[in-house]
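Architecture and fold: a report
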Amino acid sequence: MTDSPRKIIIDTDPGQDDAVAILLALGSPEDVEVLGVTAVAGNVPLALTERNARIICELAGRTDILVFAGCDRPLTRKLVTAEYVHGKTGLDGPQLADPTMPLQEQHGVDFIIDTLRHEPPNTVTLCPLGPLTNIATALQRAPDIIDRIEQIVLMGGAYFEVGNVTPAAEFNIYVDPQAADIVFKSGIPIVVMPLDVTHKALTTEERVQAFRDMGTEPGRMVAEWTDFFERFDMHKYGSNGAPLHDPCVIAYLIRPELFQGRQINVEIETQSELTMGMTVADWWGVTDRPANAMFMGDVDADGLFALLSERIARL
Ligand code: BDR
Ligand code: CA
């Protein structure tokens, strides 16, 4: 007798690594039920992230998944994008056809609010893979949903690895620090996959070959996406492969034992331009600020890639 799948909403700015995360979720119906995918502006503008989200669902043969467009800019700051990593479309690499499945008419933030109000309390987990604009907007607009969210499992921030977009900040938090601040102060149970974890989830040649060897369309796409964004990250970090950030969020829901972390206090820098968006994580417990997040620090990378291969091969 297994538990019923966990209900999730994936909030995302695809992005090749977002795409792999979505494919992992869609390949794992016994573990997660995707109630909807909400797109947000981040890696590329919203018009592309919502389009990319539909392309990914179609690639998985899941035209039934509800895809929504959410916020097209951060709460107060100007949008910063990352075409220099992900390419002009956000999913550069393989040739991709235009999506045919429709975009839902409802705004992504309204979908998040309505879903949390209608599902039984504490049965829906939010999985943000991009800037936290949609999530913070939902919390601000409908504070009654705060107590109804089971958990937020997000990719963002860093402590030991510090920053990837500025010397002090990770991209998702940097793009909308005000939104991140609202989420981290909300009191909702939060699990964080920071760069400290994702920089250990590297796409080595062998791991990418495993995707290629599947002989399926999703396997080939994942290999080609990885080939594309690896170039930038391998040059930047001098590493053997690039970090596959966002799939860590979904992998945690399926195999939490792959990850290790600490329940600590995490505050977001929203004042200083120099360190804007820094996740000030009290890893060593040097303050008496109350813990507000499970901040991960380590991953069994072989276990993570074995899971990815197993689940994506099913699609
Ligand atoms: C995060 O930023 C984006 O470029 C990736 O998709 C990931 O969510 C890593 O800093
Ligand atoms: Ca992302």
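Summarised in this report is the structure supplied together with it. (Residues numbered from 1 in each chain as written. Chains lettered and ligands numbered in written order. Predicted model: local features only at pLDDT ≥ 70, side-chain atom pairs only at ≥ 80, totals over all residues. Heavy atoms only, no water.)

A short note on the overall build of the protein
Regarding its fold elements, the protein presents 12 helices and 10 strands. Expected size for 315 residues packed as a compact globule is a radius of gyration near 20 Å; at 18 Å, the protein falls within 12% of this value. Projecting the C-alpha coordinates of the protein onto the three principal axes gives extents of approximately 50 × 45 × 45 Å. Within the protein, buried positions represent 59% of all 315 residues. Residue pairs at least 24 apart in sequence account for 83% of intrachain contacts in the protein once pairs closer than 6 positions are excluded. As displayed, the protein has an accessible area near 12,500 Å², and 51% of this comes from carbon and sulfur atoms. When the 24 positive and 46 negative side-chain charges of the protein are each reduced to one mean point, those points stand 2 Å apart. (Helix = DSSP H or I, 4+ residues; strand = E, 2+ residues; numbered from the N terminus. Rg over C-alpha atoms; globule rule 2.2 N^0.38 Å. Buried < 20%, exposed > 50% of the residue type's maximum accessible area, 1.4 Å probe, protein only. Contact = heavy atoms within 4.5 Å. Areas by Shrake-Rupley, 256 points an atom, 1.4 Å probe, with all protein chains shown as cover. Lys, Arg positive; Asp, Glu negative; His and termini not counted. Charge placed at Lys NZ, Arg CZ, Asp CG, Glu CD.)

Some details on the coordination of the calcium ion (ligand 2)
D13 (OD), D18 (OD), D18 (OD), L129 (O) and D246 (OD) make up the full set of protein donors to the calcium ion (ligand 2), lying at 2.3 to 2.6 Å. Here the donor residues of the calcium ion (ligand 2) share one chain and are spaced in sequence as D-x4-D-x110-L-x116-D. Pair noted here: L129 is in the loop between β4 (124-128) and α5 (133-141) and D246 is in the loop between α10 (217-237) and α11 (247-254), with a separation of 117 residues, a long-range link. On the basis of relative accessibility, which here comes to 1%, the residue L129 falls in the buried class. Taking the relative accessible area as the measure of exposure, D246 reaches 2% and is therefore buried. (Donors = N, O, S within 2.8 Å, 3.2 Å for Na, K, Ca; no water.)

So, the site of ligand 1
Around ligand 1, the structure places D17, D18, N43, H86, L129, M155, N164, E170, F171, N172, H245 and D246. For ligand 1, an oxygen atom lies 3.0 Å from a polar atom in the side chain of N172. Surface burial for ligand 1 is 96%, taken as the share of its 280 Å² of free accessible area covered by protein chains. Where the shell around ligand 1 is concerned, the elements lending two or more residues are α1 (16-26) and α6 (171-175). (Near = heavy atom within 4 Å. Polar contact = N/O pair within 3.5 Å; in protein donor to acceptor, adjacent residues only side chain to side chain.)

Concerning the pairing of strand β5 (residues 149-155)
A large share of β5 lies buried, amounting to six of its seven residues. Strand direction decides the pairing type here: β4 and β5, joined by three bridges, are parallel. Along β5, the bridge assignment pairs V124 with I149. Tracing the backbone out of β4, into α5 and back to the parallel element β5 gives a crossover that is right-handed. Across four bridges, the pairing between β5 and strand β6 (residues 190-193) is parallel. (Pairing = 2+ DSSP bridges. Right-handed = clockwise from strand over helix to strand, strands pointing away.)

Details of helix α7 (residues 177-184)
A large share of α7 lies buried, amounting to seven of its eight residues. Of all the residues in α7, the buried ones are P177, Q178, A179, A180, D181, V183 and F184. The elements touched by buried residues of α7 are α5, β5, α6, β6, β8 (266-268) and β10 (293-299).

Overview of the packing of α1 against helix α12 (residues 301-312)
Where α1 contacts α12, the axes come no closer than 8 Å and their chain directions differ by 65°. For α1 against α12, the interelement crossing comes out left-handed. Residue-level contacts link V20, L23 and L24 of α1 to L307, L308, R311 and I312 of α12. Residue classes in the contact of α1 with α12 are distributed as six nonpolar, no polar and one charged. (Axes fitted to C-alpha atoms, helices over the stretch in contact; angles between N-to-C directions. Left-handed = near helix turned anticlockwise from the far one by under 90°. Nonpolar A, V, L, I, M, F, W, Y, C, P; charged D, E, K, R; others polar.)

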